[in-house]
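Observations on the model geometry
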Amino acid sequence: LRAMVGFGEKTESSKSGRIESLGLTYKQGAIESSLVYHLRRCDAASSCRDDQVFGLGANYTFAGNVRVGAIATQQKNALNVAGNDANTYAVLALVPVRQWTLMASFQKLDDKSARDQDINQLNLGVKFALSKRTELYSLFSKQKVGNGGKAGMFSKTSSNGKQNQFNVGVRHAF
C-alpha cells in the first residue's frame, strides 16, 4: 500500500490544488497487479472540477522472463476541466533473447469529451545490453488521432492527426 499527499499552492487553503494518490500492489509468483487512485483538487476557479484517475494494471511473467501485461485507466475532468474525460487501455510484451530484449505495446485513448479525438499508438522497440548497467536502445512509435486532433509524442505536435517517431540511444544506470 502506498499513499501520497501534496499540499496545494494556495496560501488561503491547503486543499486547493492538493494532490492525493493511493496505490495497492499484489504480487504472487509470476502475477503482479496494481490498483491506483489519483486526485488533483481544484483551485478556487468556479469552473474547475477535481481531476480523478482510476487505474488497474497487471502483468504475468512466463518462464524465460517473457512478460505480458495490460493497463486500463479512467480519467474524469483531466487538467481540472469539467467533461474532459477519457479511458485508456494498453497491452504490452517484453521478450528477452540473450542480450536482447524485444518490446511491443499498443495504447488506445477513448476520448469521452465532446471532441471525441480518440488516439491509437503502436510502439516497437529493442534493447541490447552492453553490460549490467548500460544498454543501447531503439524505439519506433506510430500514433493516429481521430476527428481533427493533432498527434503529439515527446513534446512534439504534428500538423495533422498522424505522427511517427524513431529514437535510438544509450542508457546507463548510475
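A brief report on the enclosed structure follows. Owing to the predicted nature of the structure, the values given are computational and were not obtained by experimental measurement.

Okay, the overall build of the protein chain next. Per the secondary structure count, the protein chain includes zero helices and 12 strands. Listing every helix and strand of the protein chain by position from the N terminus yields β-β-β-β-β-β-β-β-β-β-β-β. Here the C-alpha coordinates of the protein chain stretch approximately 55 × 40 × 30 Å along the principal axes. Taken across its 174 residues, the protein chain has 26% of its residues classed as buried. Looking at the protein chain alone, contacts between residues at least 24 apart form 32% of all its contacts between residues at least 6 apart. Working note: accessible area of the protein chain is about 11,700 Å², and carbon and sulfur atoms make up 58% of it. Averaging the coordinates of the 23 positive side-chain charges in the protein chain and doing the same for the 13 negative ones gives two points 9 Å apart.

Next up on the list: the packing of aromatic side chains. Following the criterion strictly, the structure yields three aromatic pairs and no others. Look at Y37 and F54: their rings are 4.9 Å apart centre to centre, the planes differ by 45 degrees, and that puts the pair in the tilted class. Of this pair, Y37 sits in strand β3 (residues 31–40) while F54 sits in strand β4 (residues 51–61), and the two are 17 residues apart along the sequence. You can call Y37 partly exposed: its relative accessible area is 25%.

Within the element layout of this structure, D111 appears in strand β7 (residues 100–111). In this structure the side chain of D111 is engaged in a polar contact, spanning 2.8 Å, whose partner is the side chain of S113. A distance of 2.8 Å separates a polar atom in the side chain of D111 from the backbone nitrogen of Q117. For D111, the residues in contact, after removing those within four places along its chain, are D85, A86, D116, Q117 and D118.

What follows covers the pattern of salt bridges. Side chains that differ in charge, positive against negative, can pair when their charged atoms come close. Summed over all chains, the structure comprises five salt bridges. Where R41 meets D50, a salt bridge forms, and the shortest distance between an N and an O atom there is 3.3 Å. D50 sits in the partly exposed class, given a relative accessible area of 24%. A salt bridge links E135 to R171, with the shortest nitrogen-to-oxygen separation between them at 2.1 Å. Of the two residues, E135 is situated in strand β9 (residues 134–145) and R171 in strand β12 (residues 162–172); the sequence distance between them amounts to 36 residues. Take E135: its relative accessible area is 15%, and that puts it in the buried class. The class of R171 is partly exposed, set by a relative accessible area of 45%. Salt bridges here are not isolated pairs; linked through shared partners, they connect R18, E20, R41 and D50.

Parameters and conventions
- Position numbers for residues start from 1 in each chain and track the written sequence from start to end.
- Residue-level local features of this predicted model are given only where pLDDT is at least 70; pairs of side-chain atoms are given and counted only at 80 or more, and the full residue set underlies all totals for whole chains, interfaces and linings.
- Values reported for side chains reflect all heavy atoms of the structure, with hydrogen atoms and water molecules removed beforehand.
- Numbering goes from the N terminus for both helices and strands, where a helix is a DSSP run of H or I of at least four residues and a strand is a run of E of at least two.
- Relative accessibility under 20% of the residue-type maximum defines a buried residue, over 50% an exposed one, and the middle range a partly exposed one, all with a 1.4 Å probe and only protein chains included.
- Contacts between residues were defined by any pair of non-hydrogen atoms, one from each residue, lying within 4.5 Å.
- Here, Shrake-Rupley sampling with a 1.4 Å probe gives the accessible areas, and only protein chains in the shown set may cover a residue.
- Counting rule applied: Lys, Arg positive; Asp, Glu negative; His and chain ends not counted.
- All charge positions are set by atom: Lys at NZ, Arg at CZ, Asp at CG, Glu at CD.
- Stacked, tilted and edge-to-face pairs are distinguished by plane angle, under 30 degrees for stacked and over 60 for edge-to-face with tilted covering the rest, among Phe, Tyr and Trp rings (Trp via its six-membered ring) whose centres lie within 6.5 Å.
- The definition of a polar contact used here is a pair of N or O atoms within 3.5 Å, where within protein one atom must be able to donate a hydrogen and the other to accept one, and adjacent residues in sequence count solely through side-chain atom pairs.
- Any carboxyl oxygen of Asp or Glu within 4 Å of a side-chain nitrogen of Lys or Arg constitutes a salt bridge here.

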